[in-house]
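Commentary on secondary and tertiary structure
Here's the letter readout for the chains.
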Amino acid sequence: MDSAKIIEKDLTRSLPNSIFKDLQYMMRKFQEAGYQLYLVGGCVRDLDFATDALPKEVMRIFGHKAHPIGIAFGTVLVVLRSGAYEITTFRHDVEYTDGRRPSKIRFSKSLKEDVVRRDFTINGMAYDPYQKKIIDYVGGYEDLKNRILRTIGNPYDRFKEDGLRSVRACRFTATLELNMDSEIYPAIQSTLDVTASIARERFHDEWRKVVPTKYNFEFLQYLYQTKLTSIFFPDWEKNFGNTQVLNNMQLHFAKFRMRGLHHVFCVMHLYLEPLPFKDEKAWRKKIRKLLSDLKFSNAEKKFCEHALFSPFWKLIEKEEFHRVQVKEVLFLHYPHPVFFPLRILKEYAEVTERDTIKKLVQECVSVIRSHDPYLILHLNITGNDLKKIGFQGREIGIVLKKLLRHVWEKPED
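Residues numbered from 1 in each chain as written. Predicted model: local features only at pLDDT ≥ 70, side-chain atom pairs only at ≥ 80, totals over all residues. Heavy atoms only, no water.

The biggest cluster of nonpolar side chains holds 90 residues, and the ones touching the most others in it are Trp207, Phe219, Phe233, Met249, Phe265 and Met268. When residues of this core are assigned to their parent elements, the largest contribution, nine residues, is made by helix α13 (residues 261–272). Those residues within four positions of Phe265 in sequence are excluded, and the remaining contacts are Trp207, Trp236, Ile287, Leu290, Leu291, Leu294, Phe296, Cys304 and Leu308. With 25 residues, the next largest nonpolar core counts Leu47, Ile61, Ile87 and Ile134 among its residues. (Core = buried A, V, L, I, M, F, W, Y, C linked by side-chain atoms within 4.5 Å. Buried < 20%, exposed > 50% of the residue type's maximum accessible area, 1.4 Å probe, protein only. Helix = DSSP H or I, 4+ residues; strand = E, 2+ residues; numbered from the N terminus. Contact = heavy atoms within 4.5 Å.)

So, in structure tokens, the structure goes:
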């Protein structure tokens, strides 16, 4: 780690032209002011920058384009025509006390000192856009070539400093198709108390980054292998060890593209919290608490609840059902959107090959597409029509429901 490995490579060629122009502008501004500028961290992945210029100098160089978003830690956001770029002053993290962020830092003039404080070797490379060279003090280039995730320095120390790093280790290993260094597993497991103390929003943000990728199952698998599921999904920990459950869940994630975090959660629930539920009230309470603990948005919570608390699930417990029962379920589901729950049912049926669920989905789609009336608003008579012939108050609703039931049972009348 005393000397850097230099790899000559032009990484700027892959940048969109508009972003390349922003980069050239920043390079010129720093050079004119007599300071260095490097791409750091994921290097080309995130376009984060490091400099020997102090935050106040970065603010001065870019004027109204600069915003002090984390100036205590040396970070300034520079907003240009094609994007916003974080520029952080070289620093040395003196100590961590809360398992989240350094409680004391010292700004530095040394790129090497800035690099060796980071988490993983693949994030410890820097790129000099002037000389078009990768500068590697920590062996990240070789580790990336060999598909290995390794910490910079002692793994236990790195995970003790920041509890989120263990989650990031799982994300990087999954989404970059890496192999986790053998020393990382025991280090994560021995610092679970630090990870348990992090704000759930931080876990939520890391999890969300995985959703658009094809690695949702792999991410969850690494969480289980490192025992992190005991922190974030404690009630499901046991079923994470069930081979058949994992095989089905893996197949589900492989067959279908996830539409959001709510979709991922519902898929997990289908396999890790099997039906039927003995105490439905307690189950609903538990799911709502888990969604809140994991910091799902209100919209995401509603999507999950509409899918998981849907009356469809009670119907699939039956061996046989008829079209009237399907209309009853669609009626009970209203006014909540029906297509996401049906999507979940359809996917689940394909994976588990449960003919009852396939039949239910087909019947629901048939009712909806054929405009077969299953709601009061589908009737050719309204509450106002009933008022005109003398019905009042609550009896209007009662009569409309009876009429709807009659249409269900005797559509030929």
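Given a rise of 1.5 Å per residue, 14 residues ought to cover 20 Å, and the 20 Å separating the end C-alpha atoms of helix α14 (residues 280–293) matches this to within 8%. Residues of α14 that are buried: Trp283, Ile287, Leu290 and Leu291. End-on view of α14: buried residues confined to an arc of 100 degrees, all on one side of the axis. Among the exposed residues of α14, those oriented more than 90 degrees off its buried face are Lys281, Lys285 and Lys289. Buried residues belonging to α14 abut α11 (229–232), α13 and α15 (298–308). One or two positions beyond α14, positive phi appears at Lys295, with a value near 65 degrees. (Expected span 1.5 Å × (residues − 1). Arc of directions from axis to C-beta.)

Another point: helix α2 (residues 55–62). Pro55, Glu57, Val58, Ile61 and Phe62 are the residues of α2 that are buried. Along the axis of α2, the buried residues cluster in a sector spanning 160 degrees; they form a single face. Exposed side chains of α2 directed beyond 90 degrees from the buried face belong to Lys56 and Arg60. Looking one or two residues past α2, Gly63 carries a phi angle of roughly 55 degrees, positive in sign.

This part takes up the packing of helix α12 (residues 243–255) against helix α18 (residues 339–352). As a packed pair, α12 and α18 sit with axes 10 Å apart at the nearest point and diverge in direction by 125 degrees. One finds that α12 runs oblique with respect to α18. Considering only the axes of α12 and α18, their crossing is right-handed. Here Asn248, Leu251, His252 and Lys255 of α12 lie close against α18, whose contacting residues are Glu347, Tyr348, Glu350 and Val351. Residues of the contact of α12 with α18, tallied by class, amount to three nonpolar, two polar and three charged. (Axes fitted to C-alpha atoms, helices over the stretch in contact; angles between N-to-C directions. Parallel < 35°, antiparallel > 145°, perpendicular 65-115°, else oblique. Left-handed = near helix turned anticlockwise from the far one by under 90°. Nonpolar A, V, L, I, M, F, W, Y, C, P; charged D, E, K, R; others polar.)

What follows covers the packing of aromatic side chains. If you walk through the whole model with that rule in mind, you get 21 aromatic pairs. Aromatic side chains Phe203 and Trp207 sit 5.7 Å apart centroid to centroid with 35 degrees between the ring planes, which places their arrangement in the tilted category. Taken as a pair, Phe203 and Trp207 lie in helix α9 (residues 200–210) at a separation of four residues, close to a single helical turn. On the basis of relative accessibility, which here comes to 0%, the residue Phe203 falls in the buried class. Take Trp207: its relative accessible area is 0%, and that puts it in the buried class. Taking the centre distance of 6.0 Å and the plane angle of 75 degrees together, the rings of Trp207 and Phe296 count as edge-to-face. Taken together, the positions of Trp207 in helix α9 and Phe296 in the loop between α14 and α15 put the pair 89 residues apart, joining distant regions of the chain. Summarising the burial analysis for this pair, Trp207 and Phe296 share the class buried. Through successive ring pairs, a cluster of aromatic residues spans Phe203, Trp207, Tyr224, Phe232, Phe233, Trp236, Phe240, Phe265 and Phe296. (Phe/Tyr/Trp six-rings, centres within 6.5 Å; stacked < 30°, edge-to-face > 60°.)

The next thing to look at is the packing of helix α10 (residues 216–225) against α12. Packing of α10 against α12 brings their axes to within 8 Å, and their N-to-C directions diverge by 145 degrees. Two secondary-structure elements touch here, α10 through Asn216, Phe217 and Leu220 and α12 through Leu246, Met249, Gln250 and Phe253. In terms of residue class, the contact of α10 with α12 is built from five nonpolar, two polar and no charged.

Trans peptide bonds make up the majority, and among non-glycine residues the majority have a negative phi. Following Tyr334, the chain continues into Pro335 via a peptide bond in cis, with omega recorded as 10 degrees. Mapped onto the secondary structure, Pro335 falls in the loop between α17 (323–333) and α18. Positive phi, normally seen in glycine, also occurs at Arg147, with a value near 60 degrees. The residue Arg147 is located in the loop between α4 (140–145) and β11 (148–149) in this model. For Arg147, a relative accessible area of 34% translates into the label partly exposed.

The side-chain alternation of strand β2 (residues 37–40) yields two buried faces, one formed by Leu37 and Leu39 and the other by Tyr38 and Val40. Where β2 lies against strand β3 (residues 48–51), four bridges are found, and the strand directions are antiparallel. In the sheet register, Leu37 faces β3, and the bridge partner there is Thr51. (Pairing = 2+ DSSP bridges.)

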